[in-house]
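# Survey of secondary and tertiary structure
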Amino acid sequence: MIHSRRLLALAAIVLLALSSGTAAASPPKSKTNATVPAAPSPPPFEPLPPPKIYLFRGAMGPIFSTGMDRLEEKLTKAGFSANVYEFTICRWIGDRAISSYKESPAPIVLMGHSMGGLCSIVISEMAAKENIPISLVIAIDPAQATGDVPLNVERFINIFLSDSVLGGGDVVAVPGFRGHYASYDLKRNARVTHINIEKSDDIHRQIVEMVTQLPRIPPQTQADAVPLRYLVPADTLVELWDSGVRVPVRRGDTMESIAAANRVPLWTLAQSNSLPENAQLTPGQTIIVPRHLTPPEPAAAMATPPATPAARR
């Protein structure tokens, strides 16, 4: 009996030693090794509803702003809610647009020729007071009295003739504006006048494409958008970019190679960056390049508007 008790005692000692060794071989878990839950990924971007489009003629619009009617027809044919109005009922249409947005939010697009361009900014200012965003404003040779682009406008494009008496509005944005901005002065194109600038079929095509893409463009950080201001060379085909982006220069890059890689004319890089077209670039330098909403077509983007017998006014 005593021998059996000794054996049991020895077995207990051995088990105790083994358990102590196992504990020593497995150090306690450190709090710093605890699994940290991963940050939730941002929700996928959901396309916005189709925009509601408001177009405005200039003075004596049924005679001199017929291009806006043609543009409205093309937008409607593309499936959009688009209507054209006289600029004289600007504020009344603005109230209707604001009420419609409050009832059923959808992107608002405003376009206007001459005094209609001024009207587009007026409605943008009305919407700003109601904290309502404006997705896109396109002014086509707006009146010189046109106000500045307010902060609630996400994209603004101005196509104008700086030497025009009837238009010529070189519209700028208010201080602190961080949206997309592009300005195109066509004064060097002798065939473009105040009364045919809104009639270009190619400008119409680009506008329809841009409006089509708007609901599918993910939101971008404010730092992404670089303003563009161009004095378009004479008889040059123009693409309606809405802003620029900064592209880093790599070893071996030239102005020509960057223009070719991004499929933009060389003159746009020269003007955007205040550099000669043959400027020597340094790796690490950044170059402002016009931004495509969608990949450009191989063909030129804009045909010269039809000539009119009337002299530029």
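Higher on the page you've got the structure.
My aim in this report is to walk through the structure given alongside it, one point at a time. (Residues numbered from 1 in each chain as written. Predicted model: local features only at pLDDT ≥ 70, side-chain atom pairs only at ≥ 80, totals over all residues. Heavy atoms only, no water.)

Attention now goes to the packing of helix α4 (residues 90–103) against helix α5 (residues 115–129). Across the interface, α4 lies against α5 with an axial gap of 9 Å and an inter-helix angle of 45 degrees. Classed by the angle they form, the pair α4 and α5 counts as oblique. Considering the relative orientation of α4 and α5, their crossing is right-handed. Here α4 contributes Cys-90, Arg-91, Gly-94, Asp-95 and Ile-98 to the contact with α5, which in turn contributes Cys-119, Val-122, Ile-123, Met-126 and Ala-127. Each residue belonging to the contact of α4 with α5 can be placed in one class, and the counts come to seven nonpolar, one polar and two charged. (Axes fitted to C-alpha atoms, helices over the stretch in contact; angles between N-to-C directions. Helix = DSSP H or I, 4+ residues; strand = E, 2+ residues; numbered from the N terminus. Parallel < 35°, antiparallel > 145°, perpendicular 65-115°, else oblique. Left-handed = near helix turned anticlockwise from the far one by under 90°. Contact = heavy atoms within 4.5 Å. Nonpolar A, V, L, I, M, F, W, Y, C, P; charged D, E, K, R; others polar.)

Turning our eyes to something else, we now look at α4. Residues that lie three or four places apart on an α-helix share one face, since the helix turns once every 3.6 residues. With 14 residues, α4 extends 20 Å from end C-alpha to end C-alpha; this agrees with the ideal 20 Å at 1.5 Å per step. Of the positions making up α4, those classed as buried are Cys-90, Ile-93, Gly-94, Ala-97, Ile-98, Ser-100 and Tyr-101. An end-on view of α4 places all buried positions within 160 degrees of arc, on one side of the element. For α4, exposure combined with an orientation more than 90 degrees from the buried face picks out Arg-91, Trp-92, Lys-102 and Glu-103. The secondary structure elements touched by the buried residues of α4 are β1 (52–57), β2 (81–86), β3 (108–113) and α5. (Expected span 1.5 Å × (residues − 1). Buried < 20%, exposed > 50% of the residue type's maximum accessible area, 1.4 Å probe, protein only. Arc of directions from axis to C-beta.)

The next subject is the side chain of Thr-146. With respect to the helices, strands and loops of the structure, Thr-146 is situated in the loop between β4 (136–140) and β5 (155–160). For Thr-146, a relative accessible area of 11% translates into the label buried. At 2.6 Å, the side chain of Thr-146 forms a polar contact with the backbone oxygen of Ala-143. Excluding its chain neighbours within four sequence positions, the residues that come into contact with Thr-146 are Gly-117, Leu-118, Ile-121 and Val-171. (Polar contact = N/O pair within 3.5 Å; in protein donor to acceptor, adjacent residues only side chain to side chain.)

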